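Descriptive structure summary
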Amino acid sequence: MSHPPAEAPTGSVSRFSQRLLPLLYQHRLMSTSQLHYLLTPHTKRPEYLLRQLRHLRTTGLVESVDRRASRLGNCELLWHVTAAGCEVVEASSAVTTRSYRMSTRAAASQLQEHTLAVVDTGITFTKWAEHLGDECGALDWEPELAHRVREGDSRMGDDAFLVPDAVLRYTHTTQEGRRQMLTFFLEVDRATMQVARLGQKLSTYARYATYTPLAGRRRQARGVREAWRDRYPVFPRLLIVLSGAGPAALARRTTDLRALAAVDPRLSQGGLLRAGVTTAELLKEKGPFAPVVTPLLGPPELTNVLLTPFQTT
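Quick summary incoming for the structure in this document. (Residues numbered from 1 in each chain as written. Predicted model: local features only at pLDDT ≥ 70, side-chain atom pairs only at ≥ 80, totals over all residues. Heavy atoms only, no water.)

A word on the pattern of salt bridges. Under the defined criterion, the tally for this structure stands at eleven salt bridges. Among the charged side chains, a network of salt bridges with common partners joins Arg67, Glu76 and Glu113. (Salt bridge = Lys/Arg side-chain N within 4 Å of Asp/Glu carboxyl O.)

Structure, rendered in structure tokens:
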């Protein structure tokens, strides 16, 4: 049951802002250009969008920071909701309530580019969905959803949880008219993380594929049930999207990830985890239905991320 916010100025929130605020709330930090594509793609320039954003900033519902990596001296603004903005969104029940709050300090930190890269990856899927007549909208990916992988400490960020960069849902209609409801774990790697650390996270995905909560293990009547089955109809595919370096460096990174996966018994013997690697450039240029994904296990030939099952050893 939702409750109206005590102080939030809901009367001053336009219908357009009622779409804009949940978007910023869910994705945490977005650039003007990203918002422009998702909210006002029919306009050449984002004047109306900027007027709405400035009004929301005046009323204390959103705040902006400069992008640290702005090029050619042109300062691009990045936007996030304030605590008051969060109250408005949470009262509306437009999106799932999240405990995370983006602060101005965090928005101005080195986290900027990774957060924006995750949004860019989601936007790539929405663009191809529009082009192909599929379904994947602005709210169809959620960043940093926690998934428990072992009993024990409930602190966020420890090894009791798997936290993908995003969980993305995509509905594809085949040439035969059959609808496929696909779910992806997305990991966006800008070549800033050590490959070994990313390999450790791959192992955590494999742990999640077989993790059964203690309460489930105690059930005798209906057998063992893995935790993921309470959230997903089938186990999501893992897609690692590389960027932040040249083609040769990203190819080496892919080779290293495959080598780590091959010697990890959780991955090589599990069979349930289907995972592959692509680059942001390939995904953007050729789309998710082209053979742009290198499987982490099995033959290294490029395959189709959405339609062709990944081969495993």
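Between its terminal C-alpha atoms helix H6 (residues 112-132) stretches 30 Å, which fits the 30 Å expected from 21 residues at 1.5 Å a residue. With 15 of its 21 residues buried, H6 lies for the most part within the structure. Of the residues flanking the end of H6, it is glycine 133, one or two places downstream, whose phi is positive at about 75°. (Helix = DSSP H or I, 4+ residues; strand = E, 2+ residues; numbered from the N terminus. Expected span 1.5 Å × (residues − 1). Buried < 20%, exposed > 50% of the residue type's maximum accessible area, 1.4 Å probe, protein only.)

Turning next to the packing of aromatic side chains. One pass over the structure, following the stated rule, counts ten aromatic pairs. Each ring, one from phenylalanine 185 and one from tyrosine 232, has its centre 5.7 Å from the other, and the planes form 90°; the classification is edge-to-face. Separated by 47 residues along the polypeptide, phenylalanine 185 in strand S8 (residues 179-189) and tyrosine 232 in the loop between helix H8 (214-218) and strand S9 (237-242) bring together distant segments of the chain. Accessibility classification places phenylalanine 185 together with tyrosine 232 in one group, the buried group. Just above the ring of tyrosine 100 sits the side chain of arginine 28; from NZ or CZ to the centre is 5.6 Å. (Phe/Tyr/Trp six-rings, centres within 6.5 Å; stacked < 30°, edge-to-face > 60°. Lys NZ or Arg CZ within 6 Å of the ring centre and 35° of its normal.)

Quick look at the sheet that holds strand S11 (residues 291-295) now. Across the sheet, which stays open at both edges, the seven strands sit in the order S4-S7-S8-S9-S10-S11-S12 with mixed pairing between neighbours. This sheet does not close on itself; its edge strands, each paired only once, are strand S4 (141-143) and strand S12 (303-304). Note that strand S7 (residues 166-173) and S8 share eight bridges and pair antiparallel. Counterpart to threonine 173 in the pairing with S8 is arginine 179. Sheet strands touched by helix H7 (residues 195-210): S8 and S9. Its angle to S8, the strand with the most contacts, is close to 145°. (Pairing = 2+ DSSP bridges. Contact = heavy atoms within 4.5 Å. Axes fitted to C-alpha atoms, helices over the stretch in contact; angles between N-to-C directions.)

Next up on the list: the sheet that holds strand S1 (residues 30-31). Ordered in space as S1-S3-S2, the three strands form an open sheet in which the pairing is antiparallel. Unpaired on one side and paired on the other, S1 and strand S2 (62-66) mark the two borders of the sheet. The pairing of S2 with strand S3 (residues 77-81) spans five bridges and is classified as antiparallel. Following the sheet pairing, serine 64 is matched in S3 by tryptophan 79. Sitting on the sheet, helix H1 (residues 15-27) touches S1, S2 and S3, and the angle it makes with S3 is about 95°.

What follows is about unusual backbone geometry. The phi torsion at arginine 28 lies on the positive side, around 75°, for a residue other than glycine. You can see arginine 28 is positioned in the loop between H1 and S1. Although it is not a glycine, serine 93 sits at a positive phi angle of roughly 60°. Looking at the secondary structure, you find serine 93 in the loop between helix H4 (83-92) and helix H5 (104-107).

The next thing to look at is helix H2 (residues 32-39). Burial of H2 is extensive: six of the eight residues sit out of reach of the surface. What H2 keeps buried is the set Thr32, Gln34, Leu35, His36, Leu38 and Leu39. Tucked into the core, H2 has its buried residues touching H1, S1, helix H3 (47-58), S3, H6 and S4.

Attention now moves to the environment of leucine 50. Tracing the backbone through its elements, the reader meets leucine 50 in helix H3. Separated by 14 residues in sequence, leucine 50 and histidine 36 place their C-alpha atoms 9.0 Å apart.

Where H7 contacts helix H9 (residues 247-262), the two axes come as close as 10 Å, and the packing angle between them is 45°. Classified by the angle between their axes, H7 and H9 sit oblique to one another. Remark: the crossing between H7 and H9 carries right-handed chirality. Contact with H7, carried on its side by Val195, Ala196, Leu198, Gly199 and Leu202, involves Arg253, Asp256, Leu257 and Leu260 of H9 and no other residues of that element. Of the residues contributing to the contact of H7 with H9, the split by class is six nonpolar, one polar and two charged. (Parallel < 35°, antiparallel > 145°, perpendicular 65-115°, else oblique. Left-handed = near helix turned anticlockwise from the far one by under 90°. Nonpolar A, V, L, I, M, F, W, Y, C, P; charged D, E, K, R; others polar.)

Moving on, we come to the side chain of histidine 80. Among the structural elements, histidine 80 can be located in strand S3. In this structure the side chain of histidine 80 is engaged in a polar contact, spanning 3.4 Å, whose partner is the backbone oxygen of methionine 102. The contacts of histidine 80, once residues within four sequence positions are left out, are Leu24, Arg28, Leu29, Leu61, Val62, Glu63, Met102, Ser103, Thr104 and Ala107. (Polar contact = N/O pair within 3.5 Å; in protein donor to acceptor, adjacent residues only side chain to side chain.)

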